[in-house]
Amino acid sequence: MRLETGRCGRELYRRRGRPGPGAPRTARPQFPSADSGGGKTGCGGGANGPGLGEDTSRAGSKLSHPPCGRRDQTISGTRADSGAGPVRKSRDQFEVLERHTQWGLDLLDRYVKFVKERTEVEQAYAKQLRNLVKKYLPKRPAKDDPESKFSQQQSFVQILQEVNDFAGQRELVAENLSVRVCLELAKYSQEMKQERKMHFQEGRRAQQQLENGFKQLENSKRKFERDCREAEKAAQTAERLDQDINATKADVEKAKQQAHLRSHMAEESKNEYAAQLQRFNRDQAHFYFSQMPQILDKLQDMDERRATHLGAGYGLLSEAELQVVPIIAKCLEGMKVAAEAVDAKNDSQVLIELHKSGFARPGDVEFEDFSQPMNRVPSDSSLGTPSDGRPELRGPGRSSRAKRWPFGKKNKTVVTEDFSHLPPEQQKKRLQQQLEDRNRELQKEVDQREALKKMKDVYEKTPQMGDPASLEPRITETLSNIERLKLEVQKYEAWLAEAESRVLSNRGDSLGRHTRPPDPPASAPPDSSDNSSQDNRESSEEPPLEEGQEAPIYTEFDEDFEEELASPIGHCVAIYHFEGSSEGTISMAEGESLSLMEEDKGDGWTRVRRKQGGEGYVPTSYLRVTLN
């Protein structure tokens, strides 16, 4: 409805019974507020803006009234301001989720760091164990180390090997933890960080879009408020000039045009504000009902997957230990077996076998009669110097005290090629070892010569494969080596035969010395007491040594020869005839049945007893032995 101006307008109002423009108004019509029950908002209608088209046609009359500012305030207080709180609340929830997810990733990184340090501890522990084992392992090979023959040393070496295997299992634990936990979880942590960053960026973009929409809504609202005030002000100005009788018609028309323009701008701002409000409500609904739940679901799924993966990482820590438990149990069982393998008696026997000398036991000390100065016989217990001051000459059959006494100071020994500086048993063992080494070398050279001969034949048949003359130097060298080794084998065999005869001789002397009845003592002095006579009889059992025979220096503790005859430990049958010509041996006929008195000690001889009487040593290879 157009505004009437001038007196005609006032008269029109009076004729129609309405107050004119200059008359005071008792009340102005109000737009329904956003909270009214009419289902319309002041400018935008309902939540989705219904009824906007209905108010647009009457914009000229309604916008001419002054309550436009109050109407805008009502809209601002009801619908438009409702978007600021939820945006702020969603930002607060995002901060909570951000802190929680960051804490979860920090926990994952802390666990990876813990496992990494645990791996370093395991590696350092394994390295120290290996260094410890290396420090205490024997430096010499087992074949060159006589201590390796003792069960105590063997058990200790076995324990060291088990400890070394245990260290290997600790290294395996460290490797499994490093690969399956540290590397995989560290990689997974990086993936989680990237995924978390992507989700939060998506959420922040959605928040920023909603906030931008809210800002545009606020701007359109403020513009609408400003235009409404300007329109109301212009309408009041036009109304005042219309009532002023002094105002010109041009001023009144200009004021009316200005009021109409402002009213039109307010109507456009209203439509823009209503459209912006519709857009913001749609975006807000999409944000809270679709976009934000999806982002939160993704964050929840990501955090649950991270927790599940971390739990699996916790399990790998114990699984790595359980994988090596069976091997570690075997290592501990091996240590227990090594501890039970210590055999004290066997070690004693090994010590005896390693260091027995093969010397015959020394004879009894002769009685020296000091009661007859004219017939005085020099002895080991005398000073060895006659009364005239001249040195007393000892016969070759008399040994000095230093030689007879086994605990005297030893002279520096000179190592000889035939090992004659060693006791007989040790000499025999060393010679046997050297003989075996030479035989192995000889067999190797023989095989090499045969191979060279075959190669030479091939070259002669097929000259394109090689020159037969090129093999002659190697064949000649091999033949010279064979001849040299044969000579050495013969030499060592001769030395070994001498050593074996020496051992048998010492055994025979010891056997004869301990099985013969004691000789009667020399005549005792008439003035000797009974006790001295008895002592002399006990100490004069050994006959004097033959001339040229030297008393042995060391003795071998041999429990096999006792004063009482031992019982047989089995029986044997002679496979070949043997003529016992050397001392300590006994003759036997082929097929003769003998009693086994002592097994072979490794020297190739066995002690037997004949049924007709007589006891001695025969070659072990000549017998078929059966133990009881």
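Now for a look at the structure at hand. Everything numeric in this text was worked out from a predicted model, so none of it was measured.

Turning our eyes to something else, we now look at the overall build of the chain. Looking only at helices and strands, one finds twelve helices and five strands in the chain. Expressed as a percentage of its 628 residues, the buried residues of the chain come to 35%. The long-range fraction of contacts in the chain, counting pairs at least 24 apart against all pairs at least 6 apart in sequence, stands at 74%. By element, 53% of the accessible surface of the chain is carried by carbon and sulfur atoms, the whole surface being about 39100 Å².

Applying the stated rule across the entire model yields 26 salt bridges. A salt bridge links Glu218 to Arg222; the nearest nitrogen and oxygen atoms lie 3.7 Å apart. Of this pair, Glu218 and Arg222 both sit in helix H6 (residues 151-243), four residues apart, which is roughly one turn of that helix. A relative accessible area of 12% places Glu218 in the buried class. For Arg222, a relative accessible area of 42% translates into the label partly exposed. Between Glu488 and Arg484 there is a salt bridge, with the nearest N and O atoms lying 3.4 Å from each other. With a gap of four residues between them, Glu488 and Arg484 both fall in helix H11 (residues 472-515), about one helical turn apart.

Turning our attention to helix H8 (residues 344-355). Its twelve residues place the ends of H8 17 Å apart at the C-alpha level, agreeing with the 16 Å of an ideal helix rising 1.5 Å per residue. All of the buried residues in H8 are Asp347, Val350 and Leu354. Summarising the axial view, the buried residues of H8 lie within an arc of 60°, below the 170-degree limit, and thus occupy one face. Buried residues along H8 sit in contact with H6 and helix H10 (424-461). Of the residues flanking the start of H8, the one acting as N-cap is Asp343, its side-chain oxygen 3.4 Å from the backbone nitrogen of Lys345.

A few words on the nonpolar core. Buried together is how nonpolar side chains tend to be arranged in soluble globular proteins. Tyr111, Val115, Leu177, Val181 and Leu185 are the most contacted members of the largest nonpolar core, which has 43 residues in total. Of all the secondary structure elements, the ones that give two or more residues to this core are helix H5 (84-136), H6 and helix H7 (249-340). For this core, the leading source of residues is H6, giving 19 residues. Judged by nonpolar contacts, the second largest core, of twelve residues, contains Leu504, Cys572, Met588 and Tyr617.

Conventions and cut-offs
- Residue numbers here run from 1 along each chain, matching the order of that chain's written sequence.
- Only residues with pLDDT of at least 70 get local features here, since the model is predicted, and only at 80 or more are side-chain atom pairs given and counted; chain-wide, interface and lining totals rely on the full set of residues.
- Think of the side-chain values as coming from all heavy atoms in the structure, minus any hydrogens and water.
- A run of H or I in DSSP becomes a helix once it reaches four residues, and a run of E becomes a strand once it reaches two; helices and strands are each numbered from the N terminus.
- Under the scheme applied here, a residue whose accessible area is under 20% of the maximum for its type counts as buried, over 50% as exposed, and between as partly exposed, the area being computed with a 1.4 Å probe on protein chains only.
- The contact criterion used throughout is that any non-hydrogen atoms of two residues lie within 4.5 Å.
- Computed with a 1.4 Å probe, the accessible areas rest on the Shrake-Rupley method; for each residue, only the protein chains presented here act as cover.
- Put simply, a salt bridge is a Lys or Arg side-chain nitrogen that is within 4 Å of an Asp or Glu carboxyl oxygen.
- For a helix, the expected span equals 1.5 Å multiplied by the residue count minus one.
- Regarding the arc, it is the one traced by the directions from the helix axis to the C-beta atoms.
- N or O atoms closer than or at 3.5 Å make up a polar contact, with two conditions inside protein: a donor-capable atom paired with an acceptor-capable one, and, for residues adjacent in sequence, both atoms drawn from side chains.
- Residues belong to one nonpolar core when they are buried, are Ala, Val, Leu, Ile, Met, Phe, Trp, Tyr or Cys, and are joined through side-chain atoms within 4.5 Å.

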